[in-house]
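Notes for the structure review
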Amino acid sequence: RFSTLGLGVFSIGVALAVIISAVYFSFLLNRIRALAGSMRVVAGGDYKHRLEVTGRDEIAELGKEFNMLTERLDDTERQRRRFVSDASHELKTPLASIRLLSDSIVQSDNMDTDTMREFVADIGSEAERLNRMSQKLLMLSRREDSAGPEHEVVDVERTLSRVFRML
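All of the points below concern the structure found in this document. (Residues numbered from 1 in each chain as written. Predicted model: local features only at pLDDT ≥ 70, side-chain atom pairs only at ≥ 80, totals over all residues. Heavy atoms only, no water.)

**Looking at the overall build of the chain**
A tally of regular secondary structure across the chain gives four helices and zero strands. Counting from the amino terminus, helix and strand elements in the chain follow one another as α-α-α-α. Taking 15 Å as the expected radius of gyration for a compact globule of 167 residues, we find that the chain reaches 33 Å, considerably beyond that expectation. Considered along the principal axes of its C-alpha atoms, the chain spans approximately 120 × 35 × 20 Å. A total of 167 residues make up the chain; the buried ones form 15% of that total. Considering only intrachain contacts with a sequence separation of at least 6, the fraction spanning at least 24 residues in the chain is 54%. For the chain, the accessible surface area stands at approximately 13,700 Å², while carbon and sulfur atoms represent 60% of it. Looking at charge distribution, the chain has the averaged site of its 24 positive side-chain charges lying 9 Å from that of its 26 negative ones. (Helix = DSSP H or I, 4+ residues; strand = E, 2+ residues; numbered from the N terminus. Rg over C-alpha atoms; globule rule 2.2 N^0.38 Å. Buried < 20%, exposed > 50% of the residue type's maximum accessible area, 1.4 Å probe, protein only. Contact = heavy atoms within 4.5 Å. Areas by Shrake-Rupley, 256 points an atom, 1.4 Å probe, with all protein chains shown as cover. Lys, Arg positive; Asp, Glu negative; His and termini not counted. Charge placed at Lys NZ, Arg CZ, Asp CG, Glu CD.)

See the structure below:
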């Protein structure tokens, strides 16, 4: 049998253990909630968001990994935006040439046949250029490896001649 004093000490010990456990788990749950909240922020598209990491336990390790992941997501998103911008710019150039050449044909009442054929040939060349670009874009989107860019031999003289003729 326990004495009244022993039972009191035991009860105080159990109460202290319950209080300490509740405080510890509350602290732990708050850190997990902060991590989950940060995940929701990043899932919403804010890839610049970082979690403030404190401590050296497993939750802190998760926080560090989360921050590294969001950094990579942010970097990937920046690269994607740059790629889309560059691709859009590259596609606009041949489209502008096609538009200019076709407008010239339409607006000219007395264009000679040779000039018109040259303009139509240039429109065909620009359309082919767009086709090559779209094929390369599709190829890039399908690539799964991280190999370097493929190299292509370009006849600079022929390319410059086409550019000067178009200008």
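Still more ground to cover, so stick around.
**As for the pattern of salt bridges**
A full pass over the atoms with the stated rule returns ten salt bridges. Where Arg80 meets Glu77, a salt bridge forms, and the shortest distance between an N and an O atom there is 2.6 Å. Separated by three residues within a single helix, Arg80 and Glu77 lie in helix 2 (residues 58-107), roughly one turn from each other. When its relative accessible area of 16% is taken as the criterion, Glu77 is described as buried. Measuring nitrogen to oxygen at the nearest pair gives 3.2 Å for the salt bridge that ties Arg129 to Glu126. Taken together, the residues Arg129 and Glu126, both in helix 3 (residues 113-142) and three residues apart, mark about one turn of the helix. By relative accessible area, which is 1% here, Glu126 ends up buried. What emerges from the salt-bridge pattern is a single network uniting Lys48, Asp74, Asp75 and Arg78. (Salt bridge = Lys/Arg side-chain N within 4 Å of Asp/Glu carboxyl O.)

**What to know about the packing of helix 1 (residues 4-43) against helix 2**
Running from N to C, helix 1 and helix 2 point in directions that differ by 10 degrees, and their axes come no closer than 11 Å. One element, helix 1, and the other, helix 2, form an angle in the roughly parallel class. Two secondary-structure elements touch here, helix 1 through Leu28, Arg31, Ile32, Leu35, Ser38, Met39 and Val42 and helix 2 through Ile59, Ala60, Leu62, Gly63, Phe66, Thr70 and Leu73. (Axes fitted to C-alpha atoms, helices over the stretch in contact; angles between N-to-C directions. Parallel < 35°, antiparallel > 145°, perpendicular 65-115°, else oblique.)

**Re the packing of aromatic side chains**
Applying the stated criterion across every chain, the model contains one aromatic pair. Look at Tyr24 and Phe25: their rings are 5.5 Å apart centre to centre, the planes differ by 70 degrees, and that puts the pair in the edge-to-face class. Residue Phe25 is classed as partly exposed on the basis of its relative accessible area, which comes to 48%. (Phe/Tyr/Trp six-rings, centres within 6.5 Å; stacked < 30°, edge-to-face > 60°.)

**A closer look at the layout of surface pockets**
A probe matching the size of a water molecule, rolled over the atoms, marks out where space remains unfilled. The volume enclosed by the largest pocket comes to roughly 750 Å³. Of all the secondary structure elements, the ones that give two or more residues to the lining of the largest pocket are helix 2, helix 3 and helix 4 (156-166). The residue inventory of the lining of the largest pocket, partitioned by class, reads eleven nonpolar, three polar and ten charged. (1 Å grid on protein atoms, 1.4 Å probe; cavity = no way out; pocket = protein on both sides within 12 Å on 5 of 7 lines; lining within 4 Å. Points joined across faces, edges and corners; volume = space filled by probe spheres on them. Nonpolar A, V, L, I, M, F, W, Y, C, P; charged D, E, K, R; others polar.)

**Digging into the environment of Leu91**
Tracing the backbone shows Leu91 in helix 2. Given the relative accessible area of 25%, Leu91 is considered partly exposed. For the pair Leu91 and His151, spaced 60 residues apart in sequence, the C-alpha to C-alpha distance is 20 Å. Non-local contacts of Leu91, meaning those with residues more than four positions away in its chain, are made with Leu130, Met133 and Leu137.

Remember that the coordinates give geometry; whether it matters functionally is a separate question.
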